[in-house]
Amino acid sequence: MQVPDTYVSSVLIILPHELQAKLMPLMYQLAPDTVRNFTAHITVLYPFVPLDELDAACETLTQVLVDVSPFEITLKDFTRHDDVIFMNPVETAPIRAVRRKIMDAFPNIKPYEGAFGLDPEPHVTIASFKSPDEQIAIELPEFHPMTFMVNRLHVNSGLPRTGLPWITHDVIRLRGD
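The rules behind each value
Residues numbered from 1 in each chain as written. Predicted model: local features only at pLDDT ≥ 70, side-chain atom pairs only at ≥ 80, totals over all residues. Heavy atoms only, no water. Helix = DSSP H or I, 4+ residues; strand = E, 2+ residues; numbered from the N terminus. Buried < 20%, exposed > 50% of the residue type's maximum accessible area, 1.4 Å probe, protein only. Polar contact = N/O pair within 3.5 Å; in protein donor to acceptor, adjacent residues only side chain to side chain. Contact = heavy atoms within 4.5 Å. Core = buried A, V, L, I, M, F, W, Y, C linked by side-chain atoms within 4.5 Å.

## Brief notes about the side chain of Q135
Consideration 1: Summarising the element assignment, Q135 is placed in helix α5 (residues 132-136).
Consideration 2: When its relative accessible area of 2% is taken as the criterion, Q135 is described as buried.
Consideration 3: Of the polar contacts made by the side chain of Q135, one reaches the backbone oxygen of D82; its length is 2.8 Å.
Consideration 4: In this structure Q135 touches R80, H81, D82, D83, V84, I85 and F129, once residues within four positions along its chain are discounted.

## Digging into the nonpolar core
Consideration 1: I13, L23, F48, I102, I126 and L153 are the most contacted members of the largest nonpolar core, which totals 48 residues.
Consideration 2: If one sorts the elements of this core by residue count, helix α1 (residues 17-30) sits on top with six residues.
Consideration 3: Aside from chain neighbours lying at most four places away, what touches L153 is V11, L12, I13, V44, L65, V98, I102, D170, V171, I172 and L174.

What follows is the structure, encoded as C-alpha cells:
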C-alpha cells in the first residue's frame, strides 16, 4: 500500500465507553474498514489544520474554548439517509456553538471543505453503503436513548483512505473557566 504523505486533522467528540459498547459491535458488522480508522465519534470540524500547524492550533483551541462549559448530548435513535446510517444528537446547539467558536478563530477552515454548507448537522456515522438499497436492507437493533457529558474534544490526525488508524494529537478540556 502506498501511504499518502498529507496528514489531515479533525476535532472530534469521542463517545464514552458505554456508547462505544453499544455502537461499535454494529459498526464492526456494517463498516469494518471504517472502524479500523475511527472509534464512534461526532465530528466537530473536519478537516482542521495541517499537521505542521497542529501544535499551535491546539494552543489556540485551548484559549478559544476556555469559557466553554461541559454539556450533555443525548443520542436517541438511528437515522437513515441515502446510503448512510447515522445518529443525530437530540440537541445540537452546544456542538454548533463550539464549532462556530473554532471557525471564528480559524476563518479559512470550512466543515467538510464546504461540501455540506457551513453548519452541517452534527451526527455519529454508523456506516456508509454503496447504495441506498443496500442501506435499507439492514435491520437495525433497538436503541434506548443515552445521554453523556462532553467535557473534552479530541484533536486527531491521520492519513485518509489508507486504512491506518487516526491518532489523538491533543485533548482540549472544556471547563467553562
